[in-house]
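Here is what each chain is made of, one letter per residue.
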Amino acid sequence: MFVSESGDIFGSVTIGGCVDARVIEEAAEIMSSSQPRLINMELGDDEAREIGLACAGSVGIFLEPIAVQSADPINRIYDQAREEWKKGNNFALATIIGGSGPLPAAIGSRALVGKTAGPDSPFRDELNGILAREVPALIDSAAGSQTISYQLEDGSSVDVYLEIFRRPSTLLIFGAGAVAVPLVTLAATLGLRTVIIDASPRFASRDRFPEADQIRVGIPSEIAETLEFGPSTPVILVAHDYKIDLPILKKALTTGAPYVGMLGSRKRGRTILQMLRDDGISEQQLARVRTPIGLDLGGSSAAEVALSIMAEVIAVMHGRSGSSLSASRSGEAGTLR
Amino acid sequence: MNPYGDRILDHFRHPRNYGSLDEAQIRTEEFNPLCGDRVRIELAVAPDGTVNAARFQGDLCIIAKAAGSILTELVTGQTLNEVESLRDSKILDQLKIEIRPARLKCALLALVAMRNGIKAHRAEA
């Protein structure tokens with residue numbers, strides 16, 4: 001979240017905004033002192049928390065002043081980050097936000113760490129080595145930005161906030177029918193990229209999919225060979241057509257796609273899976289196919305089906321079941337919603 | 001019960017000449033907008049007009065895929081003149097079941113693609 005001297009804001013810290021007002025208040029002091037600071041905030045007021053009306057827990061927020069002048073090192077590091085992003089690289093911005101004992105650099109110091117961007121950093125070599133060793137795996141993992149406390153050889157520790165910049169997942173959507181249209185809209189809202197693949201130019205058109213990042217028309221199985229399937233490419237089959245489902249499933253099940261879902265009834269799904277089984281696809285691979293596709297939301301319109309599919313994709317990408325938070329205890333703490 | 005018949009299912013499950021050629025004098029695609037079948041036909045043609053090799057490729061329904069397989073077997077070794085004179089009934093007979101009117105386009109998609117490809121090839125020559 002950015003707060004300007006005149007009080008304008010851009011972005012937010014929390015989704016509910018309960019903390020943001022206090023951040024804006026603190027920002028004025030940070031700007032006048034020109035010193036970065038980590039502040040801890042309890043969520044909700046004491047009385048409301050006591051009777052359960054406010055979210056429990058606390059949140060640590062790092063506030064720092066940023067000068068508009070280009071010479072400011074923070075501007076410089078964000079310029080580098082922007083360049084990396086433009087090149088399509090994943091990376092992390094490592095910021096020292098605290099620790100114990102002598103710190104390897106001043107609080108607020110930053111370094112860009114990635115697979116291709118070297119640690120051109122103000123940190124001491126020891127911390128650079130640790131980051132180069134450990135951060136690339138974090139960039140690839142499902143976990144988001146986080147603070148990690150690293151132990152240094154002299155017995156001191158340093159708290160590093162790792163802000164992960166990872167290319168958004170790309171939904172590979174095979175079939176440009178009615179369900180695909182709201183799917184692309186929902187995906188765009190969620191910040192996901194989309195590729196629509198279909199044999200028909202009439203269905204897979206820019207008019208029908210103005211928000212799709214790519215529209216590919218041709219022989220779907222042939223197009224699939226030119227696409228990159230990986231841990232950030234959920235595969236959604238909504239063609240509802242065995243001639244597309246069969247070859248695409250064969251392809252997708254040999255890849256690391258985190259989600260493979262196919263539209264259709266249980267009966268149809270069983271038949272398709274049996275045909276794949278007959279072709280030698282293993283039970284372990286077949287178990288990855290989610291069919292009928294989507295969570296059980298009960299809707300039947302194209303938009304409702306699309307929502308149930310997107311909900312299942314999001315749940316799978318986050319390693320969750322997709323069940324109601326109210327029916328489980330997992331959402332009690334640590335999630336601001 | 002198998003409504004397609006053994007011959008169609010055999011060619012669907014084990015299509016002959018499925019894939020592409022490194023070098024083809026004729027390469028053409030045909031699309032059936034009703035069912036979404038899209039087929040690509042490739043022919044390697046000798047200077048004397050003989051089809052030395054034929055390939056087809058596409059995400060096709062059972063009938064269209066079987067028909068593509070049977071057709072490519074049929075035309076290999078024939079001259080372009082002979083291929084052009086192939087009647088629809090020749091392919092339909094080879095499928096060994098009665099093709100309902102609604103599925104005729106599927107059964108003849110590869111043949112139509114091949115005819116169009118030969119026509120374009122002759123126009124270019």
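Residues numbered from 1 in each chain as written. Chains lettered and ligands numbered in written order. Predicted model: local features only at pLDDT ≥ 70, side-chain atom pairs only at ≥ 80, totals over all residues.

Enquirer: Describe the packing of helix α2 (residues 62-75) of chain B against helix α5 (residues 104-124) of chain B, with residues and values.
Expert: Residue and element names in this part refer to chain B. Two elements in contact, α2 and α5, have axes whose closest approach is 6 Å; the angle formed by their N-to-C orientations is 45°. Taken together, the axes of α2 and α5 are oblique relative to one another. In this structure, the crossing between α2 and α5 has a hand that is right-handed. Between α2 and α5, the contacting residues are Ile63, Ala64, Ala67, Gly68 and Leu71 on the first element and Cys106, Ala107, Leu109, Ala110, Leu111 and Met114 on the second. Per-class residue counts for the contact of α2 with α5 are ten nonpolar, one polar and no charged. (Axes fitted to C-alpha atoms, helices over the stretch in contact; angles between N-to-C directions. Helix = DSSP H or I, 4+ residues; strand = E, 2+ residues; numbered from the N terminus. Parallel < 35°, antiparallel > 145°, perpendicular 65-115°, else oblique. Left-handed = near helix turned anticlockwise from the far one by under 90°. Contact = placed C-beta atoms within 7 Å. Nonpolar A, V, L, I, M, F, W, Y, C, P; charged D, E, K, R; others polar.)

Enquirer: Summarise the environment of Asn81(B); cite the residues concerned and give the values.
Expert: All names here are of chain B. Positionally, Asn81 belongs in helix α3 (residues 80-84). Among the residues examined, Asn81 registers 9 C-beta atoms within 10 Å and is labelled exposed. Put simply, Asn81 and Met1 are 80 residues apart on the chain and 40 Å apart in space, counted from C-alpha to C-alpha. (Buried ≥ 20, exposed ≤ 12 C-beta atoms within 10 Å, placed from the backbone.)

Enquirer: Quick one: what's the story with the interface of chain A and chain B, residue by residue and with numbers?
Expert: If you look at the interface, chain A gives twelve residues, while chain B gives ten residues. Looking at the side of chain A that touches chain B, the elements with two or more residues in it are α6 (220-224) and α7 (242-252) of chain A. Across the side of chain A that touches chain B, the residue classes tally to five nonpolar, three polar and four charged.

Enquirer: Can you explain helix α8 (residues 266-278) of chain A? Please cite residues and give values.
Expert: Its 13 residues place the ends of α8(A) 18 Å apart at the C-alpha level, agreeing with the 18 Å of an ideal helix rising 1.5 Å per residue. Just downstream of α8(A), Gly280(A) is the residue with a positive phi angle, here 95°. (Expected span 1.5 Å × (residues − 1).)

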